[in-house]
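# Close look at the chain arrangement
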Amino acid sequence: AQGAVSVTGALLVDVSGAPGAPASPASLCSTGAGVCLEGVGARFSGNASGAQGSGHITSTGYALHMSAGTGQTATIGGTALSTSGALDLISVQNAAGTITLTNSTAQAGSNGVALAATANSTLAFTNDSTQITGDVTAAAGSAVAMALNNGSALKGVITAAKADIDANSRWDVRASSTPARLNN
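These remarks concern the structure in this document. A quick note: this is a predicted structure, and the numbers were derived from the prediction, not measured. (Residues numbered from 1 in each chain as written. Predicted model: local features only at pLDDT ≥ 70, side-chain atom pairs only at ≥ 80, totals over all residues. Heavy atoms only, no water.)

Our focus in this paragraph is the nonpolar core. Within the largest apolar cluster, 35 residues are counted, with the highest numbers of intra-cluster contacts made by Ile-99, Phe-125, Val-144 and Met-146. At five residues, the largest contribution of residues to this core is made by strand S8 (residues 90-102). In contact with Val-144, not counting residues within four places along its chain, are Leu-115, Ala-117, Leu-123, Phe-125, Val-136, Thr-137, Ala-138, Ala-161 and Lys-162. (Core = buried A, V, L, I, M, F, W, Y, C linked by side-chain atoms within 4.5 Å. Buried < 20%, exposed > 50% of the residue type's maximum accessible area, 1.4 Å probe, protein only. Helix = DSSP H or I, 4+ residues; strand = E, 2+ residues; numbered from the N terminus. Contact = heavy atoms within 4.5 Å.)

The structure is reproduced here in C-alpha cells:
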C-alpha cells in the first residue's frame, strides 16, 4: 500500500496520551507516533514556513516512526520534533528509506535517543541547517548513513552509524562513540 501526506505552511502534529502496545507486529503505528510511515513507498512531507522550528511534531511516543516497508520517505522542514516520552524520537524498525530534516530541530526524550534503526533497517538521514540533541544508533544488521550539512549540529553519541559532516557543521560528542565511519 502507498500513502502520502503533504503539508505546506503551518505545521502542527501533536499526539497526546500514553503510547500503547502495538496491536500486532505488522501494525507498529499504534505506538502513539506523531508521524508514522508503514508499508512500501509510504511518504510524509511537511514544511513549515517561518523561523527554524516554527512547525511542531510532538508526541508522547515517537515523533517519527518508520516500519515494515521499503522506499519510505519523510521530508520535514522548519519544524521542531520532540517527544515527552521515554521512546526514541525517531524510530526505524524493519524499514528502508530516507529522512531529510531542513531548518529544523530534533530533541530526544528522556531516553536520550534521537534516532534508532533496528530490525535490519537501512536509512539515509540527511540534515540541512538542523540542530539535533540526542544519540544516533544503528543496531546490528541495520545501517544508518547520516549527513550533517550547512550548519547542522549533532549533540550526542553515534553508535554504528556512518557520519558525513561538512565543514560548516559540527558534532558535539557527548560520550564515548563508535561510528561505523566518520568523514569530516
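Now that the structure has been shown, we can carry on.
Now for the pattern of salt bridges. Per the stated rule, a full pass over the model turns up three salt bridges. As a salt-bridge pair, Arg-174 and Asp-135 come within 2.5 Å of each other at their nearest N and O atoms. Of this pair, Arg-174 sits in the loop between strand S18 (170-173) and strand S19 (181-183) while Asp-135 is found in strand S13 (residues 135-138), placing the two residues 39 residues apart along the sequence. We classify Arg-174 as partly exposed; its relative accessible area is 48%. For Asp-135, a relative accessible area of 12% translates into the label buried. The residue Asp-164 makes a salt bridge to Arg-181 at a minimum N-O spacing of 2.9 Å. (Salt bridge = Lys/Arg side-chain N within 4 Å of Asp/Glu carboxyl O.)

What follows concerns the side chain of Ser-142. Positionally, Ser-142 belongs in the loop between S13 and strand S14 (143-149). For Ser-142, the side chain forms a polar contact with the main-chain nitrogen of Asn-120, separated by 3.2 Å. Contact partners of Ser-142, with chain neighbours within four places excluded, come to Ala-117, Thr-118, Ala-119, Asn-120 and Ser-121. (Polar contact = N/O pair within 3.5 Å; in protein donor to acceptor, adjacent residues only side chain to side chain.)

Look at any regular strand and the pattern is simple: side chains alternate between the two faces of the sheet. Residues Ala-163 and Ile-165 point to one face of strand S17 (residues 162-165) and are all buried, whereas Lys-162 and Asp-164, pointing to the other face, are not buried. Where S17 and S19 come together, three bridges link them in parallel fashion. From the neighbouring strand, Asp-164 faces S19, where its bridge partner is Asn-183. (Pairing = 2+ DSSP bridges.)

This brings us to the side chain of Asp-88. Of note, Asp-88 is situated in the loop between strand S7 (79-83) and S8. Buried and without a salt bridge, Asp-88 has Arg-174 as its closest oppositely charged side chain, separated by 11 Å. Here Asn-111 takes part through its side chain, which lies 2.8 Å from a polar atom of the side chain of Asp-88. Once residues lying within four places of it in the same chain are set aside, the contact partners of Asp-88 are Gly-61, Tyr-62, Ala-63, Asn-111, Val-113 and Ala-116. (Lys, Arg positive; Asp, Glu negative; His and termini not counted.)

On to the environment of Asn-183. Within the secondary structure layout, Asn-183 lies in strand S19. Given the relative accessible area of 36%, Asn-183 is considered partly exposed. For the pair Asn-183 and Ala-147, spaced 36 residues apart in sequence, the C-alpha separation works out to 9.4 Å. Those residues in contact with Asn-183 that sit more than four places away from it in its chain are Ala-163, Asp-164 and Ile-165. Only 2.8 Å separates the side chain of Asn-183 from the side chain of Asp-164, close enough to count as a polar contact.

In this sheet, S8 lies alongside strand S6 (residues 64-77) in parallel orientation, the contact comprising eleven bridges. The residue bridging Leu-64 from the neighbouring strand is Ile-90, located in S8. Where S8 meets strand S10 (residues 113-118), four bridges bridge the pair, whose relative direction is parallel. Along S10, the bridge assignment pairs Ile-90 with Leu-115. As judged from the seven bridges shared by S8 and strand S11 (residues 122-128), these two strands associate in the parallel manner. Bridged to Ala-96 within S11 is Thr-122.

Attention now moves to the environment of Asn-168. With respect to the helices and strands, the residue Asn-168 is situated in the loop between S17 and S18. A sequence separation of 16 residues divides Asn-168 from Ser-152, and the C-alpha atoms of the two residues are 7.5 Å apart.

Keep in mind these values describe shape, not function.
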